[in-house]
Amino acid sequence: MKITYDAEGDVLYIQLRCVTPADGVDIEEGVTAELDDAGHLVAVEILDASKRLTPEELVNVSYENLLLAASEAP
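This report concerns the structure included in the present document. As the structure is a computational prediction, the values presented were derived from the model and not from experiment.

**Remarks on the overall build of the chain**
Check the secondary structure of the chain and you find three helices and five strands. Helices (α) and strands (β) of the chain occur, in sequence order from the N terminus, as β-β-β-β-β-α-α-α. Across the chain, every contact between residues at least 6 apart in sequence was considered, and the portion connecting residues at least 24 apart equals 34%. Looking at the chain as shown, the accessible area adds up to about 5700 Å², and 54% of this sits on carbon and sulfur atoms.

Pasting the structure below:
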């Protein structure tokens with residue numbers, strides 16, 4: 001997973017898998033879910049991110065139990 005923020009374009013991009021998106025579905029104006037060939041979610045793109053999120057939300061990223069959950073997967 002990779003999360004990037006382009007301050008110049010004000011775009012937040014959350015890449016879940018390293019796959020080239022084949023399609024995009026607009027969730028709402030300025031928010032697009034990117035899908036692979038099989039229709040699975042691979043990324044989320046958020047335009048005008050600074051208008052949707054506070055500066056604290058843009059710079060602070062947290063995760064919980066990801067390594068534990070990944071190691072328990074079959």
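**Considerations on the side chain of Gln15**
Positionally, Gln15 belongs in strand S2 (residues 11-15). Polar side-chain contacts of Gln15 include one of 3.3 Å to the backbone oxygen of Arg17. If sequence neighbours within four positions are ignored, Gln15 has contacts with Met1, Lys2, Val42 and Ala43.

**Side note on the pairing of strand S1 (residues 2-6)**
Every regular strand shows the same layout, with side chains that alternate between the two sheet faces. In this structure, S1 lies alongside S2, joined through five bridges in antiparallel fashion. Following the sheet pairing, Thr4 is matched in S2 by Tyr13.

Calculation notes
Residues numbered from 1 in each chain as written. Predicted model: local features only at pLDDT ≥ 70, side-chain atom pairs only at ≥ 80, totals over all residues. Heavy atoms only, no water. Helix = DSSP H or I, 4+ residues; strand = E, 2+ residues; numbered from the N terminus. Contact = heavy atoms within 4.5 Å. Areas by Shrake-Rupley, 256 points an atom, 1.4 Å probe, with all protein chains shown as cover. Polar contact = N/O pair within 3.5 Å; in protein donor to acceptor, adjacent residues only side chain to side chain. Pairing = 2+ DSSP bridges.

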